[in-house]
Amino acid sequence: MQYIRGIAIPDNQNIMINVQNLCKKYKDILALDSVNFHIRQGEIYGLLGPNGAGKSTTINILSTVTLPDEGEVILDSFNLRTHADKCKNILGVVPQEISLYDELTALENLYFWGGLYKINRSELKQRASSLLDMMGLTDRKNDRIDTFSGGMKRRVNIAAALLHSPKILLMDEPTVGIDPHSRNLIFDVIEELHSNGLTIIYTTHYMEEAERLCDRISIIDSGKIIAEGTLEELRNISNIKESIHIDLTSIPDENSFKAELFSDFKITQHENSIDFFTTNSGRDLSKIISLLTESGHEISSLEMRKANLETVFLNLTGRQLRD
Amino acid sequence: MLSICIKDIKIFFIDKKAVMLTFLVPITLITLFAFAFGGIGAKQKSKPIYLPITDLDNSSTSINTINQLDSLSSIRIDKMSLDDAVEKIKKGKIVGVLIFHEGYEDSMGNSGDMPIELLYDQAREIEIGILRSVLAGNLYKFQGKSQVNDMISEHILETYKGVSPGMLDTIMTNIGSFYNKQNGPEGSAPKMGSSLTLTPIISESDDRNLGLIQAVAGTAIMMLLFSVSSVGAGILVEKDAGTLKRLLYSPISPVHILYGKMLAGNIIAVTQLSVMFLFSWIAFGLNIWIDIPSMMVMIMSTAFACTSFGIFLASISQTEKQVDSMATIVILVMSGIGGSMIPLFVMPEIMQKIAVVSMNYWGIQGFYDIFWRQLPFTDVIIRAGVLFSIGILMTAISTFFYRRNILRLA
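Residues numbered from 1 in each chain as written. Chains lettered and ligands numbered in written order. Predicted model: local features only at pLDDT ≥ 70, side-chain atom pairs only at ≥ 80, totals over all residues. Heavy atoms only, no water.

1. What about the sheet that holds strand β16 (residues 299-306) of chain A?
Residue and element names in this part refer to chain A. What counts is decided by this rule: Here, strands pair whenever DSSP counts at least two bridges between them. By the criteria applied, helices consist of DSSP H or I runs no shorter than four residues and strands consist of E runs no shorter than two, each listed in order from the N terminus. Throughout, an axis means a line fitted to C-alpha atoms (over the contacting stretch in the case of helices), and angles, computed between N-to-C directions, take values from 0 to 180 degrees.
The sheet built from four strands is open, its strands ordered β14-β15-β13-β16 with antiparallel pairing. What marks the edges here is a single partner per strand, and that holds for β14 (266-270) and β16. Each strand of the sheet is rotated relative to its neighbour by a mean of 20°, with strand direction disregarded. Where strand β13 (residues 242-248) lies against strand β15 (residues 273-278), six bridges are found, and the strand directions are antiparallel. Of the residues in β15, the one forming a bridge with Ile246 is Ile274.

So this is what it looks like as structure tokens:
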């Protein structure tokens, strides 16, 4: 273990972000409760959790907008409390909202946001131009933002965070409400940034995004990190390998599956569909079908799924990510 | 800070509606108020007061008095029947009518009450007040002169019984000439005793027009307050749009975001006031070139105080709508008591004392000092100093509330 400015850093690792014992309280609500994690340089680190879990509070603290009540954050050897200005210069933040000026063109927006980082004018022009090219928006650079689609705005929103070539990029749900084309383009951009060695924190409640993009993921719920690791490590933590998704012909009584009959399984029910979580679907499938038939339910369709982040989250918290 | 200021100015000028509200609406209002306060045409002379008269006595004395009134340049006589006059007063077509009742001539000899009456519409008491002040001096003077003439004639006839009518006329003409020589052709105020001589120290001239100055200064400051309140609300718009949060992610100091916005507001406010005065010069001939340094200092201090006020409103509000509603109420009250809507000199004394709490008062009085009183820079700087102090105080309070309310919510 090594120490930078009194904060413990794991040995032999090029740590870019180290968060220790982070706590934040809003009146009586504990938004963050002793959060600890570290991120290596060049990693994409996913913060996965439902709304209100503490993702945005973590991002707000890391981006220096909110001060923590307790705990320390080191960004590339700079302590956030004592060197906020230095931290700001190495951070790029893609906010959840499209934070652009509708009245200005894409290029004017980028010049303005880049100008705040005191980037040399000619360098700024070059950066803005290449970022718009990367985002596939060169032909729209002189159009006002209010003429752009949601997906195009999201892309400019990301470009604005990259103008000063940050070492760390915080992305707070950057794909909310956009079309599949823009989403894929953003994924490509993130993968390109990743291959260039940029350290990224990515918050989302879309499991497929986290699964596709993130090297490591932490699952946060009620202000606490309840699990952390690669997708495979998380699957192992949860001890669930598969799920059996069953659609019924009618909506069963809400107490139907609370009976002792089904006590061997972890179950979630949504109207007329039920998910059974199992470590061995081959062994449990016939038992589940016969239990359902015996209790008078008619099956309309059945699907076996490999465990994903959704099932892991469900297994760890008993709730769905989008609850 | 400068980046934010330039960005805000750019966005302001892109927004055609905002530009129109900032420049065209005040220009329209200034034009209307200039007409209302009689400020149109600085070189135009005052028009004579219109005075309808009904002569029920129809005597040589009443006709003589009416003719003398008609000879005054400040009064324009119009004879009409009593019924006509009453009807016109009721319909609001005339303010009032001066009636010479029967027995007017007879009353002149016995020094009793004169049967003269002024019928008028009470709703137009201000106009009647002006008419009364003009009539009071002249009418009684003519009557007094006539009475003195009669008394002299009687005295001569009693003392010198053999005086022929021709000789009496010659004596009276000589006395009349002597009187006119002493008191002026229109029988203006006698040198002593009989009336007060009014001599204005500051009066309307080619480069001074009180109504116009009131219209321009009063309206421009009121409209400026409206435009800067929306500039101030811009910070809440940024908060709602999420751009304020993004600004906070950048290395710029949070207070500099506020000051950048204030700087933009100040530049827009100075431009707005300058355009208003230029318009008044081009359209109405207001001489704005009397004292350029004083005018610039007053424009800058007024702009600073008003912008700080706009930012102050935004800093104590949580939404743009709150700013709008609060601004409308506060600006209308301040403009009402500060003399933007109604000139202070027609307000009661108590209102004139209350007016000092309004920014409008200090701005308007400052522009009066320059354009009407034509005071030196050293006097103007006092009013400007008050406005700068108001601005500094408001900015300090705004900074405190901005940190407490806006940054926390961002």
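2. Remarks on the sheet that holds strand β7 (residues 78-79) of chain A
Hydrogen bonds between backbone groups are what pair the strands of a sheet, and the pairing can be parallel or antiparallel. Residue and element names in this part refer to chain A. Across the sheet, four strands lie side by side as β4-β3-β6-β7; this open sheet has antiparallel pairing. This sheet does not close on itself; its edge strands, each paired only once, are β4 (29-40) and β7. Bridge analysis of strand β6 (residues 70-75) against β7 gives two bridges, and the strand direction is antiparallel. Each bridged residue has a counterpart across the sheet, and for Ile74 the counterpart in β7 is Asn79.

3. Section: the interface of chain A and chain B
Accessible area lost on assembly of the parts is the figure often given for the size of an interface. Selection criterion: Contacts are assigned to residue pairs that have any heavy atoms within 4.5 Å of one another. Buried area: the accessible area, evaluated with a 1.4 Å probe, that two parts lose upon being put together, summed over both parts. For this document, the term salt bridge refers to a Lys or Arg side-chain nitrogen within 4 Å of an Asp or Glu carboxyl oxygen. Here a polar contact is recorded for every N or O atom pair within 3.5 Å, except that within protein the pair must consist of a potential hydrogen donor and a potential acceptor, and residues adjacent in sequence are included only if both atoms are side-chain atoms.
Across the contact, 26 residues belong to chain A and 18 residues belong to chain B. Interface area for chain A against chain B, summed over the two sides, is near 2,000 Å², with a carbon-plus-sulfur share of 66%. Contact with chain B buries area across many residues of chain A, yet A:Lys88, A:Tyr101 and A:Leu116 alone supply 26% of it, more than any other trio. Inspection of the region where chain A meets chain B yields one salt bridge. Our enumeration of links across chain A and chain B arrives at eight residue pairs in polar contact (both at pLDDT 80 or more).

4. Overview of the environment of B:Phe345
Summarising the element assignment, B:Phe345 is placed in the loop between α12 (320-338) and α13 (349-354). With residues up to four places along the chain from it excluded, the contact list for B:Phe345 reads B:Leu210, B:Gln352 and B:Tyr368.

5. Details of the pattern of salt bridges
The cut-off we apply is this: Remark: exposure states derive from per-residue accessible area (1.4 Å probe, protein chains only) relative to the maximum for the residue type, with buried under 20%, exposed over 50%, and partly exposed in between.
Scanning the model with the defined rule gives 19 salt bridges over all chains in all. The partner of B:Lys10 in a salt bridge is A:Glu108, and the shortest N-O contact between them spans 3.6 Å. Placement of the pair is B:Lys10 in helix α1 (residues 2-14) and A:Glu108 in helix α3 (residues 106-115), with the two residues belonging to separate chains. Look at B:Lys10 and you get partly exposed, because its relative accessible area is 39%. Where B:Arg383 meets B:Asp369, a salt bridge forms, and the shortest distance between an N and an O atom there is 2.8 Å.

6. Quick notes on helix α5 (residues 150-162) of chain A
Side chains three or four residues apart in an α-helix point the same way, a direct result of the helix having 3.6 residues per turn. The cut-off we apply is this: How far a helix is expected to stretch is found by multiplying one less than its residue total by 1.5 Å.
With 13 residues, α5(A) extends 19 Å between its outermost C-alpha atoms, agreeing within 8% with the 18 Å of an ideal straight helix rising 1.5 Å per residue. Burial of α5(A) is extensive: twelve of the 13 residues sit out of reach of the surface. Three or more residues of α5(A) are buried, namely A:Gly151, A:Met152, A:Lys153, A:Arg154, A:Arg155, A:Val156, A:Asn157, A:Ile158, A:Ala159, A:Ala160, A:Ala161 and A:Leu162. Packing partners of the buried residues in α5(A) comprise β8 (91-94), α3, α4 (121-134), β9 (168-172) and α6 (180-195) of chain A together with α9 (243-249) of chain B.

7. Here's the deal with empty space enclosed by the protein
Rules: Two kinds of site are reported from a 1 Å grid over the protein atoms alone, namely cavities, where a 1.4 Å probe fits but cannot get out, and pockets, open sets with protein on both sides within 12 Å along at least five of seven lines, and residues are called lining when an atom falls within 4 Å of a point. Grid points are joined across faces, edges and corners, and a volume is the space filled by probe spheres set on the points. Each residue receives one of three labels: charged for Asp, Glu, Lys and Arg, nonpolar for Ala, Val, Leu, Ile, Met, Phe, Trp, Tyr, Cys and Pro, and polar for the others, Gly being one of them.
This structure, assessed with the given rule, holds one cavity of 30 Å³ or more. When its volume is computed, the largest cavity comes out at roughly 70 Å³. Along its surface, the largest cavity is lined by A:Val93, A:Trp113, A:Leu116, A:Tyr117, A:Ala160, A:Ala161, A:His164, B:Arg246, B:Tyr249 and B:Ser250. Contributing elements (two or more residues each) for the lining of the largest cavity: α5 of chain A together with α9 of chain B. Taken together, the residues of the lining of the largest cavity sort by class into seven nonpolar, two polar and one charged.

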